[in-house]
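Understanding the architecture of this molecule
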Amino acid sequence: MVDVDSVRAELQRAGRLLLERDLTWGNAGNLSARTGPDTFLITASGSRLGELADDDFVECRVSDGAPLISSRKPSKEVPMHRAVYAQRSDAAVILHAEPLHSTLIACTDLEIPRNLFISAMYYLERVERVPYRHPGPALGEVVHEHARAANVLLLENHGVLVYDTSVNEALMALETLEIACRMMLLARGAGLTLRGLPPETVTDFLENAGYKPRREWPSA
């Protein structure tokens, strides 16, 4: 049985950390976490992630997105969160934010380097670009198409969507993405050429280095 109060507290912690670590700003972004097989807790519309109060959350159903009893309106991004939970039974937490460097890359055609350092090889093993759609049902549909392919989605001209088994793992993936994007942009500005590891080294790391067990990706 999931303790909803504990889930809420974890999302409040995540919101504070996103703001403290410059991974979001103002009321940009939204957070959610599973509370049951067909329910999830999501930030309410207009909530500021760095200062989430207990009533800044709405519990909704995965099956139809309908809110359970609440006096608040859930985030307009409910369809996007539903899409992930419906496609990924392993996803327990979803973080949607607009970090500066990652969002900048989301506004370009640049490829994100995934072979530069250890955390990037693991957390950025699969990153998918999602074409721009307005927030709401249209974005939910296109996220549904990409959710099984990666744990990090770059939402073009919008921001980033990261989902994982816990707040800590999702935060680590988001921080790793932002660092990789920042490194790439700094290197380009300084005229440096980044030297990534070859594919065979990345594969050997994922399978044999013992950093973390390699992810078991769901089948298409």
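Residues numbered from 1 in each chain as written. Predicted model: local features only at pLDDT ≥ 70, side-chain atom pairs only at ≥ 80, totals over all residues. Heavy atoms only, no water.

Now for the overall build of the protein. Looking only at helices and strands, the protein has seven helices and seven strands in total. Its helices and strands in sequence order give the protein the pattern α-β-β-β-α-β-α-α-β-α-β-β-α-α, from N to C terminus. For a compact globule of 220 residues, the expected C-alpha radius of gyration is about 17 Å, and the protein comes in at 17 Å, within 12% of that figure. With the C-alpha coordinates of the protein rotated into their principal frame, the extents come out at 55 × 35 × 30 Å. The buried share among the 220 residues of the protein stands at 49%. (Helix = DSSP H or I, 4+ residues; strand = E, 2+ residues; numbered from the N terminus. Rg over C-alpha atoms; globule rule 2.2 N^0.38 Å. Buried < 20%, exposed > 50% of the residue type's maximum accessible area, 1.4 Å probe, protein only.)

Before going further, it helps to examine the packing of aromatic side chains. What describes a pair of aromatic rings is the distance from one ring centre to the other and the angle between the planes of the rings. Counted under the stated rule, the structure contains four aromatic pairs. Taking 5.9 Å as the distance between ring centres and 65 degrees as the angle between the ring planes, the aromatic pair formed by Tyr-122 and Tyr-211 counts as edge-to-face. Separated by 89 residues along the polypeptide, Tyr-122 in helix H4 (residues 118–123) and Tyr-211 in the segment after helix H7 (199–208) bring together distant segments of the chain. Take Tyr-122: its relative accessible area is 7%, and that puts it in the buried class. Taking the relative accessible area as the measure of exposure, Tyr-211 reaches 34% and is therefore partly exposed. Ring-pair connections join several aromatic residues into one group, and the members of that group are Tyr-122, Tyr-123, Phe-205 and Tyr-211. (Phe/Tyr/Trp six-rings, centres within 6.5 Å; stacked < 30°, edge-to-face > 60°.)

All right, on to the state of the cysteines then. Within this structure, the stated rule accounts for zero disulfides. With no disulfide of its own, Cys-107 lies 11 Å from the sulfur of Cys-181, the closest cysteine sulfur. According to the relative accessible area criterion, Cys-107 is partly exposed, its value standing at 45%. (Disulfide = S-S within 2.5 Å.)

Strands sit in the order S3-S2-S1-S4-S7-S6-S5 across an open sheet of seven strands; the sheet is mixed. The outermost strands of the open sheet, each flanked by one partner alone, are strand S3 (57–61) and strand S5 (127–130). Geometrically, the sheet is characterised by an average inter-axis angle of 20 degrees between neighbouring strands, direction not taken into account. When strand S1 (residues 30–36) meets strand S4 (residues 93–97), the two strands line up antiparallel, connected through four bridges. (Pairing = 2+ DSSP bridges. Axes fitted to C-alpha atoms, helices over the stretch in contact; angles between N-to-C directions.)

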